[in-house]
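Take a look at the letters that make up each chain.
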Amino acid sequence: MDKIIVSGQCSKIGKTKFIEETINNLCGEIFAFKVAVSKDKEDMIISVEEDIKNNEEKDTGRYLKAGANKAVYLKSNLNNLAKGIDKIEEDLDENYDYKIYEGNNIIDFINPTLVFFLKNNNQEKKYSAEKAARKADIIIDYSNDKRDIIFNKESIICYKAHLLADVLGVSVGKIGKLLNDADIKIKGCQLGLF
């Protein structure tokens, strides 16, 4: 199962829209997970959503409308975040091909396959953004009113390059060209060529 984290510089940067597009591009069973951290929140809110009708305007409803099989919303303070994530993961009895997580702080509790960080230099940064940006494999930069893909590592394993193509809905050849243009090395070639 692939675990994909979509993090971002600030609220309203387009994380949910990016996840909707990702869900549309992927084939298989998809679980989508929205995490909100609140300093003031003493208790946890966990909401499991499988019905689009009652949740169309919420991020979880948008995930379901895009094609996710199940969506969960977790709101907690930072101290209880791990407990909330564990509770949700324990209650999942279904097998998924993909788990897609939205949020910055979840990066400390999940061992992801691929991490995206959305940024726009024209907007302010959240406190949690710096750490998420450092841990990201791919940075999607919206600063110049377009979507620039920046590789945040010196190399990428072949499997992640294929997954990146699937997430973005582009050909593996296009990802290969982007990697070559950015002088990023491909490791662990699935065909044994590199």
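As shown above, the structure is provided for reference.
Now for a look at the structure at hand.

Thresholds applied
Residues numbered from 1 in each chain as written. Predicted model: local features only at pLDDT ≥ 70, side-chain atom pairs only at ≥ 80, totals over all residues. Heavy atoms only, no water. Phe/Tyr/Trp six-rings, centres within 6.5 Å; stacked < 30°, edge-to-face > 60°. Buried < 20%, exposed > 50% of the residue type's maximum accessible area, 1.4 Å probe, protein only. Helix = DSSP H or I, 4+ residues; strand = E, 2+ residues; numbered from the N terminus. Lys NZ or Arg CZ within 6 Å of the ring centre and 35° of its normal.

1. Overview of the packing of aromatic side chains
Argument step 1. Under the defined criterion, the tally for this structure stands at four aromatic pairs.
Argument step 2. Seen in terms of ring centroids, Phe31 and Phe33 are 5.9 Å apart; in terms of plane orientation they differ by 85°. Their pairing is edge-to-face.
Argument step 3. When its relative accessible area of 0% is taken as the criterion, Phe31 is described as buried.
Argument step 4. Taking 5.3 Å as the distance between ring centres and 40° as the angle between the ring planes, the aromatic pair formed by Phe33 and Tyr101 counts as tilted. Linking Phe33 in strand S2 (residues 30-37) with Tyr101 in strand S5 (residues 98-102), this pair joins segments that are 68 residues apart in sequence. When sorted by exposure, Phe33 lands in the same class as Tyr101, which is buried.
Argument step 5. Ring-pair connections join several aromatic residues into one group, and the members of that group are Phe31, Phe33, Tyr96 and Tyr101.
Argument step 6. One residue, Lys99, lies across the ring of Phe31, its end atom 5.8 Å from the ring centre.

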